[in-house]
Amino acid sequence: MVRGSGAALRRYGTFIDDLRLYVRGGTGGMGYPRLGGEGGRGGDVYFVAQERTTLKSVKNRYPQKRIVAGTGANSSVRALKGEKGKDCEVHVPPGISILDDDGKQIGEVNAAGERFLAARGGLGGSLATNFLPSKGQKRILHLDLKLIADVGLVGFPNAGKSSLLSKISHAKPEIANYAFTTIQPELGKIMYADYKQILVADLPGLIEGAHANKGMGHKFLKHVERTKHLLLVVDISGFQLSTKTRFRTAFETILLLTKELEQYKEELLTKPALLAINKMDLPCAKDNLNELMKQLQNPQDSLHLLQEEVIPENTLKFRDIIPISTYTGEGIDELKACVRKSLDEETEQENAEYRKKKLLLLQTSGEQKHRG
């Protein structure tokens, strides 16, 4: 347990969020020309959503990333109609998009038990085919995990995201005083005292121009898309990637992060967002915070002083702004409470909308029966 927080975090470590697979339906069975017998159809390949399954477990089960269903039985004197080949059911996590090799989405499985026919088996040999069987359908498919976490930590390199993850948790991400220590998302679970669990993803650091696929741009932004809430982490003293790039104040950093998200996909700005202002233990942090809060309350007053390249079309609305220090632990408990509150409110809102829709459907069907 993390002292005083009623919450701990279990480390998930590395994980896979997309997987490329070769799938092939089984070949049909041979027909029996002398007696007009028909071979069995080849087996089919299905993706079946199952709780507590990961893409990593799929990869471990099929290390060659090659999945082939069973061959149909040949027709014989004993069984003129050959038996169908064995189907192959591949268990995948719920919330998967299935894409073809051109990147076009051809299906999805969202809830446990949902099935997707990935490759159809070939027909058995019959009179129509001169008793020769056909091969099964073969495809290269990509499984893409749509949602990886409840909360995604978003920020420029060195904002303190990895330190924050280790502070709100027992996770041990790599932490160092140079940019890009996180090169792939790191997952951890906040475990609250009442057994509530919140999955947090520390995402690789964003850089200016990420929307144009600079750095790890698109891969990073794809991960952001897959989190329910955004938690922006900003260094109160500002940010500079290298001596060759411009220094950005905390306010400019927030605007730039917003702009990168917006230019990649505008809908990202509709996600519920929180703002953690880190490194409050540094000298002048309090003065910088006062200045930043004024700028955030009236952004229009400061925008005319900035270059156009940092100004987004729309601004992110933060549900809470929490000053923190991952070094001293200041504000960490408050941050965890805010994350929990924000997710609970969102769930309640979704439930209320669902109840409203259900009521409307009942009323509509009741009216139709009444008319009938």
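What counts, and at which threshold
Residues numbered from 1 in each chain as written. Predicted model: local features only at pLDDT ≥ 70, side-chain atom pairs only at ≥ 80, totals over all residues. Heavy atoms only, no water. Core = buried A, V, L, I, M, F, W, Y, C linked by side-chain atoms within 4.5 Å. Buried < 20%, exposed > 50% of the residue type's maximum accessible area, 1.4 Å probe, protein only. Helix = DSSP H or I, 4+ residues; strand = E, 2+ residues; numbered from the N terminus. Domains from an automatic or database assignment. Contact = heavy atoms within 4.5 Å. pLDDT = per-residue confidence, 0-100. Pairing = 2+ DSSP bridges. Axes fitted to C-alpha atoms, helices over the stretch in contact; angles between N-to-C directions. Phe/Tyr/Trp six-rings, centres within 6.5 Å; stacked < 30°, edge-to-face > 60°. Expected span 1.5 Å × (residues − 1). Salt bridge = Lys/Arg side-chain N within 4 Å of Asp/Glu carboxyl O. Parallel < 35°, antiparallel > 145°, perpendicular 65-115°, else oblique. Nonpolar A, V, L, I, M, F, W, Y, C, P; charged D, E, K, R; others polar. Arc of directions from axis to C-beta.

### A few points about the nonpolar core
Core analysis: the biggest nonpolar cluster contains 59 residues, and Val-45, Phe-47 and Val-90 have the highest contact counts within it. The dominant element in this core, judged by the number of residues it contributes, is helix α4 (residues 250–264), at seven residues. A domain split of this core shows at least three residues from each of domain 1 (18–145) and domain 2 (149–350). Apart from the residues within four sequence positions on either side, Phe-47 is in contact with Leu-21, Val-23, Val-90, Val-92, Ile-98, Val-109, Glu-114, Arg-115, Phe-116, Ala-118, Leu-141 and Leu-143. Listed in part, the 21 residues of the second largest apolar core include Leu-231, Val-233, Cys-338 and Val-339.

### Focus: unusual backbone geometry
In this structure, Asn-130 is a non-glycine residue whose phi angle is positive, near 65°. Mapped onto the fold, Asn-130 is located in the loop between β8 (115–119) and β9 (138–145). What makes Asn-130 exposed here is its relative accessible area of 59%. For Tyr-195, which is not a glycine, the phi torsion comes out positive at approximately 75°.

### With respect to the confidence of the model for the chain
On average, residues of the chain score 84 in pLDDT, and 85% of them reach the 70 mark or higher. For the chain, strand β1 (residues 7–13) is the element with the lowest average pLDDT, namely 43, and strand β4 (residues 66–68) is the one with the highest, namely 97. Per-residue pLDDT stays below 50 along residues 1–6; that stretch engages in 18 contacts with residues further than four places along the chain or on separate chains.

### Observations concerning the sheet that holds β8
As summarised here, the arrangement of the three strands in space is β5-β3-β8, forming an open sheet in which the pairing is mixed. Looking at strand neighbours, the two that pair on one side only are β5 (88–92) and β8, the edges of this open sheet. Geometrically, the sheet is characterised by an average inter-axis angle of 30° between neighbouring strands, direction not taken into account. Bridging between strand β3 (residues 45–49) and β5 involves five bridges; their strand directions are parallel. Looking at the pairing, Phe-47 lines up with Val-90 of β5.

### Thoughts on the sheet that holds β9
With mixed pairing, the five strands of this open sheet are ordered in space as β4-β2-β9-β6-β7. Only two strands of the sheet have a single neighbouring strand rather than two, namely β4 and β7 (105–109). Across the sheet, the axes of successive neighbouring strands diverge by a mean angle of 30°, strand direction being ignored.

### Let's talk about the environment of Leu-275
Tracing the sequence through the fold places Leu-275 in strand β14 (residues 273–278). According to the relative accessible area criterion, Leu-275 is buried, its value standing at 0%. Ignoring sequence-local partners within four residues, the contact set of Leu-275 consists of Leu-231, Leu-232, Val-234, Ile-254, Leu-296, Phe-318, Asp-320, Ile-321 and Ile-322.

### Brief notes about the packing of aromatic side chains
Counted by the stated rule, this structure contains two aromatic pairs. Look at Phe-47 and Phe-116: their rings are 6.4 Å apart centre to centre, the planes differ by 15°, and that puts the pair in the stacked class. Here the residue Phe-47 occupies a position in strand β3, and Phe-116 occupies one in strand β8, the gap between them amounting to 69 residues. On the basis of relative accessibility, which here comes to 12%, the residue Phe-116 falls in the buried class.

### Notes on α4
Compared with the 21 Å implied by 1.5 Å per residue over 15 residues, the 21 Å span of α4 between its first and last C-alpha is a close match. Within α4, 13 of the 15 residues are buried, which leaves it mostly tucked inside the rest of the structure.

### Describing the pattern of salt bridges
A complete count under the given rule lists 19 salt bridges for this structure. One salt bridge in this structure joins Arg-20 and Asp-101, with 3.6 Å as the shortest N-O distance. Taken together, the positions of Arg-20 in strand β2 (residues 18–24) and Asp-101 in the loop between β6 (96–100) and β7 put the pair 81 residues apart, joining distant regions of the chain. Classification of Arg-20 as partly exposed rests on a relative accessible area of 43%. A salt bridge links Asp-194 to Arg-340, with the nearest nitrogen and oxygen atoms 2.7 Å apart. One end of the pair, Asp-194, is in the loop between β11 (186–192) and β12 (197–202); the other, Arg-340, is in helix α7 (residues 332–371), and 146 residues separate them in sequence.

### Examining the packing of α4 against helix α5 (residues 285–297)
The geometry of α4 relative to α5 is characterised by a closest axis approach of 9 Å and an angle of 40° between their N-to-C directions. Classified by the interaxial angle, the pair formed by α4 and α5 is oblique. Contact with α4, carried on its side by Ala-250, Phe-251 and Ile-254, involves Leu-292, Gln-295 and Leu-296 of α5 and no other residues of that element. Class assignment for the residues of the contact of α4 with α5 results in five nonpolar, one polar and no charged.

### A closer look at the side chain of Thr-326
Mapped onto the elements, Thr-326 comes out in the loop between β15 (318–323) and α7. The residues touching Thr-326, leaving out its near neighbours within four places in the chain, are Gly-160, Ser-163, Leu-164, Lys-167 and Asn-278.

### Structural notes on the pairing of β3
Of all five residues in β3, five are buried, a share of seventy percent or more. Burial of the side chains of β3 extends over both faces: Val-45, Phe-47 and Ala-49 are buried on one face and Tyr-46 and Val-48 on the other. As paired strands, β3 and β8 are joined by four bridges and run antiparallel to one another. Looking across to β8, one finds that Val-45 is bridged to Ala-119.

### Here we look at α5
Because an α-helix packs 3.6 residues into every turn, residues spaced three or four apart end up facing the same way. Its 13 residues place the ends of α5 18 Å apart at the C-alpha level, agreeing with the 18 Å of an ideal helix rising 1.5 Å per residue. Among all positions of α5, only Ala-285, Leu-289, Leu-292 and Gln-295 are buried. Angularly, the buried residues of α5 cover 125° about the axis, an arc narrow enough to put them on a single face. Opposite its buried face, α5 presents the exposed residues Lys-286, Asp-287, Lys-294 and Gln-297, each directed more than 90 degrees away. Along its buried surface, α5 packs onto α4, β14, α6 (299–303) and β15.

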